[in-house]
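What follows is the residue order along each chain.
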Amino acid sequence: MSQSPLIEVRDLSISYAFAGQRTQAVSQLSFSLAHGETLAIVGESGSGKSTLANALLGLLPDNAHIDQGQLWVDGVDVAQADERTRRQLRGRTVALVPQDPMVSLNPTLRIGRQIAEALLLARGRRYPEVDREVLALLAQVGLDEPALRARQYPHELSGGMRQRVLIAIALAGEPRLIIADEPTSALDVTVQRRILDHLQQLVAERGISLLIITHDLGMACDRADRLLVMKQGKLIEHASPRQILWGAQHPYTRDLLNAAPAFVPRRRPGALPGQAPLLRLSNVGKRFALPGQHAHFTALHDLSLEVHAGQTLAIVGESGSGKSTALRIALGLERPSQGHVEFAGEVVSAFSWRQFRPLRRRIQLVQQNPFAALDPRFTVFDSIVEPLVSFGLLKGQALERKARELIARVQLPLHFLDRLPRELSGGQRQRVAIARALALEPEVLLLDEPVSALDVSVQAQVLALLDELQRELGMAYVLVSHDLAVVASMADQVLVLRRGQVVEQGPAAQVFGQPASAYTRALIEAIPGHSRSVLPVAV
Amino acid sequence: MTIHIPLTPNDTASAGVEARPAAGWKRRTRLQRAWQTLSPLLRRPGFSLALLIVLFALFAALAPHLLSHYDPYATSPADKLSAPGLEHWFGTDELGRDLYTRVVYGARLSVMAALLAVAIALCGGLGLGVLAGFAGGRVDAALMRLIDVLLALPGLLLALAIVTAIGFGTVPVAVAVGVGIIPGFARTTRAEVLRIKTLPYVEAARLGGASWARTLLRHVLPNAWGPVAVLATLDFGAAILATAGLSFLGFGAAPPAAEWGTLIANGRHFLITAPWVSLLPGLFVVAVVFSLNHLARSAEEHAR
Amino acid sequence: MKRYLTGRIGQALLVLWGAYTVTYFILYLLPGDTLAIMLSASGMEADGLSPEDLAKARAYYGLDKGLFEQYFDLLWRALHGDLGQSLSLGRPVTALLAERLPQTLALAGSAIVLSLLAGVGLAYLTAYVQWRPLKTALARLPSLGFSVPVFWMGLLLIQVFAFASGWFPATGSQGLASLVLPAITLAIPSAAVYAQVLHRGFQGVWQEPYITTAFAKGLSRAQVQARHGLRNAALPLLTLVGLQVGNTVSGAVLVETIFSRNGVGRLAQEAVLRQDIPVVLAIVAVSATAFVVVNLIVDLLYPCLDPRITHTAKVN
């Protein structure tokens, strides 16, 4: 006996009114979702996927307007329903697992109470077994020591644990549909994988439908029964993962597929023999003294690496692995507790800021967050030429010429020199940051998560730019990232860090092809698209 | 096999960018950019009205004789305590002086006093805040203790102590109020400096070879300016209220000077028979301070 | 935890000492001729006295000692409860304060309670109301609240409620009825500050993702605002209450003057008018003490409200 679909969307159009203008967020969308099915909606920013999720929950903001269409959830047309009816659906029929677990829990209420709230809402009133059920739920979502966790506050739990609590809250109302909003953005790769596996298992056990909202095509192909690809509010493609991967119909889908850095390590000529390394860290260790405590926190333990001209060394690690500390030590922003740093043969770890300053022309940094890396009051021109002005190298006409040259090099149009950072997109800002780093013509460029804050299609472009610049200028790169796919496409040498310890080190082909440590293998397996061997993964 | 993705400029905000001649760009001046940000604010009726009121008060402070033809000190017993009307817009006080004129002339004393107070607070507070935020460590801790001490002394009482010591009058009142506002400025400036100091672009500037002086002047101060400017406007209003309060208590300029606080204090005796003598000057003060607050808030909301 | 406690108390004492010292220096150091001021406060003229009399007066006021000696002498006596003698009234300052303090405490206490109720109530209402025009009007109200001079507001209230309608007495310090108008007048600026900060807090909190989580559970708007919004938005209020002690004391001076109440505030005004230095010093010292004590209590209470704040360092 076939059931009617849980969700049925017909010709749905939603628009936003903002400052007197109307923007279309969703245009004439139609799809359906059956009971127990897992559907993924894939799209980049601005595709309308979040608007759709909000609409399903009945949580559209005041300035959003459903222009036309129907949105049937379990027999109720949410588009026409009043707030009362919508509220009945939330928690009991449709539940949400929010995007960022670090900020999605009320910081002033205990965990147990927040879960109990969801349980009580579902039943409608207080009942004596609620505490027991809270503990049972906590155990089901995989938290250890449920009794302890229930009494704790959110800030006492790690990100992964908080995500599990949010899943518990979603399950509390025994919903028919769970909407998982960007479930892979905020956490480390290995943690994400475990939690998603667990979620899928719980959902399968109870016959709950799962709607995954994501920008990650690989992950969507991994886990969903069907995929919907959206772009600027319109449905581009609707197929099963297999169909999409082996024969995507629409050029946009194919672009998305190509842009996702496929896990293909590059084959480059090895380092020229006999060349001295430009940058070398020898047995570097770093300990931080914690305020008010006697214990020390070891950020790095016995790290040794070498960087040669024209080569890329990638440092891979999850959060807390010490990779950013390593960069800061290389730049002279921190002094190592042990070991030393050599730049072009000179030992620089003991240098004062003043002594280091002349070397700054040869080693530069591109920071992680393009949205905060540019002074909001400086035009692009001012930002790009600032290092030249600080060192007093060029003035007047020569300065303007150099600015033109730099902006052309990062492939941005000339008139962008006049713009302010708030008038640029993330990818454009990152290019400006790269141009600024190139101004002094450095020999070594340190890149701290250069593309993690950008959309997938933009990531590919920025990475290609970096690749081209390396070939033209012969710079050495030290690339820090948590994203193995990004690393694989760029690195010659790879170093894997875990909690300050070097877990594995060597040429990229070797580390990825025959990983020696279990941790590296876990990282590789956690790459979306790797586990089901659906994406072409060539090692 | 390397990945080669041809770079298409499709992540530019404007689609279809044509190649322009190399010499084609011209820097927009700061003034043009400032005008572009300011003009949408002026279109709002509330903002423009508030701006007009504040400009009126400033104008009254600078050239009161252009706004009224009466003499603020000329007594006319025959007209005493007459209600507001066409001849005397705000009515007259117990000596027959035109109240509107006295309010307008009083602007000079009151507004100047408030300006002086804010100037003192800005210099002291900015200096302390920048020093504390930038230097950090022990200097910061010591300066913050100093600020705590100043905060522990309630504004009016500190002002009272200062006027007890140096005497009454408009300038002592202004100095007293100014010193009382310093902690607020110092705290706000310090918080802003601390916030900006850790931002990536400051680090980038330092890594690009900028000296501390350059970083402070070109990056930290211009970006810290916003909240400080808002606070300065709000405190200008608070200073007007505080100086009026002190002159109400009798510590301002001696009569027959027409400070706003003194005007209101004067009318206290005639509250039953002629309430306008106290209430109308007060209403004017409320209008000016409310307009200042509105300007500050609108600017803050607009910047966000 | 104990170390933190002793540290905070030590800090508080340091600030208190600093406040006393600063005031002392302002009152005794800034004036051109402290002796002349003190003499005129006592009703005498410096010019009319012979040099021997001047010397005697100087010794009497303790001005013949060195600067630091005089300071320590005053401080020592203050710590023992002897705040000196009022120059204009000829009575011990401690006695004066003891007489007037209850009035001011009653006024300040009721003003603080009223301002909290009004401020929180207004902010809650502003956040709850959905209709745009009313919401905007309510949001502007606090701004009006701190644009109004306290003393003018008092006069207005007297005019309307005492003279015109006769509901409340215009002056006097007796009885509950005479407390109503002064307390309301004093409460208004603080209420405006609380309403403003809490409103901003609500606006900020409303954007937080955990509000979405709360809605997604199926809570109604009122429930979300009460259970999740208020708790988080109200956090800065506690610190504010501590800071507002200073403003309340300042306001009390003005309010007591207008309503002719017999409190410490009016005592301060009279003392300044007569340049009665010991009284001014004593009053400032006492209010500084009040400020420091209240803020210390607030600081220690904070972790009870915000579990993220602990007094020991956390390892992440």
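So, a few notes on the structure that sits alongside this text.

Rules used in this analysis
- Residues numbered from 1 in each chain as written.
- Chains lettered and ligands numbered in written order.
- Predicted model: local features only at pLDDT ≥ 70, side-chain atom pairs only at ≥ 80, totals over all residues.
- Contact = placed C-beta atoms within 7 Å.
- Helix = DSSP H or I, 4+ residues; strand = E, 2+ residues; numbered from the N terminus.
- Nonpolar A, V, L, I, M, F, W, Y, C, P; charged D, E, K, R; others polar.
- Pairing = 2+ DSSP bridges.
- Axes fitted to C-alpha atoms, helices over the stretch in contact; angles between N-to-C directions.
- Buried ≥ 20, exposed ≤ 12 C-beta atoms within 10 Å, placed from the backbone.

Facing 42 residues of chain C, the contacting portion of chain B comprises 39 residues. Every element with two or more residues in the side of chain C that touches chain B is listed here: α1 (2-29), α6 (132-145), α7 (150-164), α11 (235-258), α12 (264-273) and α13 (277-305) of chain C. Here the element with the most residues in the side of chain C that touches chain B is α1 of chain C; it accounts for nine residues. A breakdown of the residues in the side of chain C that touches chain B according to their chemical character gives 31 nonpolar, 11 polar and no charged.

Further remarks concern the sheet that holds strand β8 (residues 209-214) of chain A. Residues and elements named next belong to chain A. Spatially, six strands are ordered β6-β7-β8-β3-β9-β10 in an open sheet, and the strand pairing comes out mixed. This sheet does not close on itself; its edge strands, each paired only once, are β6 (94-97) and β10 (234-239). Strand-to-strand twist in this sheet, taken as the mean axis angle between neighbours without regard to direction, amounts to 20 degrees. Judged from the five bridges that link them, strand β7 (residues 177-181) and β8 form a sheet pairing that is parallel. Directly across from Asp181, in β8, lies its bridge partner Ile213. Running at roughly 150 degrees to β7, helix α1 (residues 49-57) makes contact with β3 (38-42), β6, β7, β8 and β9 (226-231) of the sheet. Each of β6 and β7 is contacted by helix α6 (residues 159-172), which is oriented at about 175 degrees to β6, the strand it contacts most.

Glancing now at helix α11 (residues 323-330) of chain A. Residue and element names in this part refer to chain A. With six of its eight residues buried, α11 lies for the most part within the structure. Among the residues making up α11, those that are buried are Lys323, Thr325, Ala326, Leu327, Ile329 and Ala330. Looking one or two residues beyond α11, the residue adopting positive phi is Gly332, at roughly 85 degrees.

All names here are of chain A. Read from one edge of the open sheet, four strands run β2-β1-β4-β5, paired in antiparallel fashion. Of all strands in the sheet, those with a lone pairing partner are β2 (21-33) and β5 (76-77), marking the two edges. The pairing of strand β1 (residues 7-18) with strand β4 (residues 64-73) spans eight bridges and is antiparallel. In the sheet register, Ser15 faces β4, and the bridge partner there is His65.

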